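The primary structure of each chain is shown beneath.
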Amino acid sequence: MAQYADKKDYAARFPGEQTSDAILNRACEDIDAMTFHRIPKSGFEKLTEFQQNMVELAVCEQAHFCTSYGEFLNSPLASYGINGVSMAFKEDAVKTYSGVQTTEKVHSLLIQSGLAWPGM
C-alpha cells in the first residue's frame, strides 16, 4: 500500500501533534476511495507536483480528522448523552464521500487536484 504522506509531513502540518502509521495508512486508503482509486492505478509519481501536494495535504488533514475523532467515527451511534450532556457532530462538519467520513476541507483539496471528480 502506497503512503502519500508520512509522520514528518503530518508533524509539519500539525506542529506538536503526533499520529501513527496505522492512521496515516487509513487516511491513504480513505483518499484512494475518495479519488476512485485513480492514484494507485496511475501511480503517485505520475501526478503533477501540484496534485502530489494536494494529496499529501489531504492525507494529513484526513489523518488529523481520524486522530481527533476516530473513536466516534467508528461508532454506530449518531449521538449520545450521559447525565444531561450530549454529543453529536454538526451536520455540515462531517461529510461522506465514496463511503468515507471526512471534512469538507479534505474533499476540497481532492477536488482541487482534479482527482475526486466522479465523471473522469
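Residues numbered from 1 in each chain as written. Predicted model: local features only at pLDDT ≥ 70, side-chain atom pairs only at ≥ 80, totals over all residues. Heavy atoms only, no water.

Asker: I would appreciate a short explanation of the overall build of the protein chain in the present structure.
Answerer: Scanning the protein chain from N- to C-terminus turns up five helices and four strands. Mapped in sequence order, the helices and strands of the protein chain form the string α-α-α-α-β-β-β-β-α. Within the protein chain, the fraction of its 120 residues that count as buried is 38%. Taken as a whole, the protein chain presents about 7,200 Å² of accessible surface, with 52% of it coming from carbon and sulfur. (Helix = DSSP H or I, 4+ residues; strand = E, 2+ residues; numbered from the N terminus. Buried < 20%, exposed > 50% of the residue type's maximum accessible area, 1.4 Å probe, protein only. Areas by Shrake-Rupley, 256 points an atom, 1.4 Å probe, with all protein chains shown as cover.)

Asker: So what exactly am I meant to see when it comes to the side chain of Gln62 here?
Answerer: Looking at where Gln62 falls in the secondary structure, it is placed in helix α4 (residues 49-73). Side chain to side chain, Gln62 and Thr102 meet in a polar contact 2.5 Å long. Apart from residues lying up to four places away in sequence, Gln62 is in contact with Ala27, Asp30, Ile31, Met34, Val100, Gln101, Thr102 and Val106. (Polar contact = N/O pair within 3.5 Å; in protein donor to acceptor, adjacent residues only side chain to side chain. Contact = heavy atoms within 4.5 Å.)

Asker: For this particular structure, what's the right way to read the packing of aromatic side chains?
Answerer: Where two aromatic rings form a pair, the distance of their centres and the angle of their planes describe that pair. Applying the stated rule across the entire model yields two aromatic pairs. When the ring of Tyr10 is compared with that of Phe14, the centres are 5.1 Å apart and the planes differ by 40°; the resulting orientation is tilted. Assigned by exposure class, Tyr10 and Phe14 land together as buried. (Phe/Tyr/Trp six-rings, centres within 6.5 Å; stacked < 30°, edge-to-face > 60°.)

Asker: When you look at helix α2 (residues 21-34) in this model, what are you seeing that I'm missing?
Answerer: For an α-helix, the turn length of 3.6 residues means that residues three or four places apart are oriented alike. Taking 1.5 Å per residue as the helical rise, α2 with its 14 residues ought to reach 20 Å, and the 20 Å between its terminal C-alpha atoms agrees with that figure. What α2 keeps buried is the set Leu24, Ala27, Cys28, Asp30, Ile31, Asp32 and Met34. Looking one or two residues past α2, Phe36 carries a phi angle of roughly 60°, positive in sign. (Expected span 1.5 Å × (residues − 1).)

Asker: So what exactly am I meant to see when it comes to the side chain of His107 here?
Answerer: When you line up the elements, His107 lands in helix α5 (residues 104-113). Residue classification places His107 among the buried positions, given a relative accessible area of 12%. With near-sequence residues (within four places) excluded, His107 lies in contact with Tyr97 and Ala116.

Asker: Is there a simple way to explain the nonpolar core in this structure?
Answerer: The tendency in soluble globular proteins is for nonpolar side chains to be buried side by side. Ile31, Met34, Ile39, Val55, Val59 and Leu110 are the most contacted members of the largest nonpolar core, which has 25 residues in total. Of all the secondary-structure elements, those providing two or more residues to this core are α2, α4 and α5. Looking at which element gives the most residues to this core, the answer is α4, with seven residues. In contact with Ile31, not counting residues within four places along its chain, are Ile39, Val55, Ala58, Val59, Gln62, Val106 and Leu110. (Core = buried A, V, L, I, M, F, W, Y, C linked by side-chain atoms within 4.5 Å.)

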